[in-house]
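# Results of the structural survey
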Amino acid sequence: MEHSLPRKRGRPPKVAPSSMDTRTAIVRAGVDLLTAQGFLSTGIDQVLKAVGVPKGSFYHYFASKDDFGLAVIDAYGIYFAAKLGRWLGNPARDPLARLADFVADAKAGMERHKFRRGCLVGNMGQELGGSHDPFRDRLESVLGDWQRRVAACLQDAKAEGQIRAQVDCQRMAEFFWIGWEGAILRAKLTRSTVPMDVFADTFFALLKE
């Protein structure tokens, strides 16, 4: 399947606090750092150093590091939902091609960042989901939103006769994110997009069998 990809879009660019409100600058730095190294390994001082603001600013905007972590999850969820909206809602492409384009963009992003980054939600789910209920609930909410978006794309594919009429789109969307997060983890471990290809190829095949 050929992919006609829109202009590459990465995470929001780093912007100095002088050109945005300080809270937004801190959260954006948090998205960048937590995606690369995790929540527990990232110190508040490291985040503040990245944006050049004093420590007092942090506690003016966030009650605790956990409060900051929840804000980072929310910001990443909004950013990624917009990204999914661009790929899965592309009217120039048929529904399955839209999902394949998302996969291709994710592979390109992994290679661009040399497999040092993955999915912030997946990373934090593995790191904190079993021990921090507020994080678990927020992460599950974000994943649920992404799942609904993929399910809608699959419903469109069914309506156009691209996939079997018997496909349970909700269940397959859930399966997509369960498997995709695992593929991202394996890609980081192997420093290769092969796990992403293996999962995506299998997923698309199951839709048509």
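For every chain, the first residue of the written sequence is number 1, and numbering continues from 1 along that sequence. Local features in a predicted model are, by the rule used here, given only for residues with pLDDT of at least 70; side-chain atom pairs are given and counted only at 80 or more, and totals for whole chains, interfaces and linings are based on all residues. Just so you know, side-chain values use all the structure's heavy atoms and leave hydrogens and water out.

## Topic: the overall build of the protein
We apply this condition: Helix and strand labels come from DSSP, where a helix needs a run of H or I of at least four residues and a strand needs a run of E of at least two; each type is numbered from the N terminus. Just to be clear, the radius of gyration here is over C-alpha atoms, and the globule rule we use is 2.2 Å times residues to the power 0.38. Throughout this description, buried means an accessible area under 20% of the type-specific maximum (1.4 Å probe, protein chains only), exposed means over 50%, and partly exposed covers the range between.
Check the secondary structure of the protein and you find nine helices and zero strands. Reading the helices (α) and strands (β) of the protein from amino to carboxyl end gives α-α-α-α-α-α-α-α-α. For a compact globule of 209 residues, the expected C-alpha radius of gyration is about 17 Å, and the protein comes in at 18 Å, within 12% of that figure. Overall, the protein is about 55 × 35 × 30 Å in size when its C-alpha atoms are taken along their principal axes. In the protein, which comprises 209 residues, the proportion classed as buried is 47%.

## So, the side chain of T35
Put simply, the test is: Counted as a polar contact is a pair of N or O atoms within 3.5 Å, where, for protein atoms, one must be capable of donating a hydrogen and the other of accepting one, and residues adjacent in sequence contribute only when both atoms are in side chains.
Topologically, T35 is positioned in helix α1 (residues 22-37). Of note is the side chain of T35, whose polar atom sits 2.6 Å from the backbone oxygen of V31.

## Comments concerning the nonpolar core
What counts is decided by this rule: Buried Ala, Val, Leu, Ile, Met, Phe, Trp, Tyr and Cys residues that are joined via side-chain atoms within 4.5 Å together make up what is termed a nonpolar core. Whether two residues touch is decided by their heavy atoms; if any such pair falls within 4.5 Å, the residues are in contact.
Within the largest apolar cluster, 65 residues are counted, with the highest numbers of intra-cluster contacts made by F102, L154 and W180. Of all the secondary-structure elements, those providing two or more residues to this core are α1, α2 (44-51), α4 (65-88), α5 (95-112), α6 (120-128), α7 (133-159), α8 (169-190) and α9 (194-208). Counting residues per element, this core draws most heavily on α4, which supplies eleven residues. In this structure, L154 is in contact with L96, L99, I163, C169, M172, A173, F203 and L207, ignoring residues within four places of it in sequence.

## Side note on unusual backbone geometry
Residue K114 is not a glycine yet carries a positive backbone phi of 55°. Of note, K114 is situated in the loop between α5 and α6. When its relative accessible area of 53% is taken as the criterion, K114 is described as exposed. You will see that F115, though not glycine, has its phi angle at about 65°, which is positive. Checked against the element boundaries, F115 lands in the loop between α5 and α6.

## Digging into the packing of α1 against α6
So the rule is basically this: In this description, a line fitted to the C-alpha atoms serves as the axis of each element, helices being fitted only across the stretch in contact, and the angle between N-to-C directions of two axes falls anywhere from 0 to 180 degrees. Each angle receives one of four descriptions, namely roughly parallel if under 35 degrees, roughly antiparallel if over 145, roughly perpendicular if within 65 to 115, and oblique otherwise. Rotating anticlockwise by less than a right angle from the far helix to the near helix defines a left-handed crossing, while the corresponding clockwise rotation defines a right-handed one. The classification used treats Ala, Val, Leu, Ile, Met, Phe, Trp, Tyr, Cys and Pro as nonpolar, Asp, Glu, Lys and Arg as charged, and all other residues, Gly among them, as polar.
Running from amino to carboxyl end, α1 crosses α6 at an angle of 60°, the nearest separation of the two axes being 9 Å. The orientation of α1 relative to α6 falls into the category oblique. Seen from above, α1 lies across α6 with left-handed handedness. Where α1 abuts α6, its residues V31, L34 and T35 lie against L120, N123 and M124. Class assignment for the residues of the contact of α1 with α6 results in four nonpolar, two polar and no charged.

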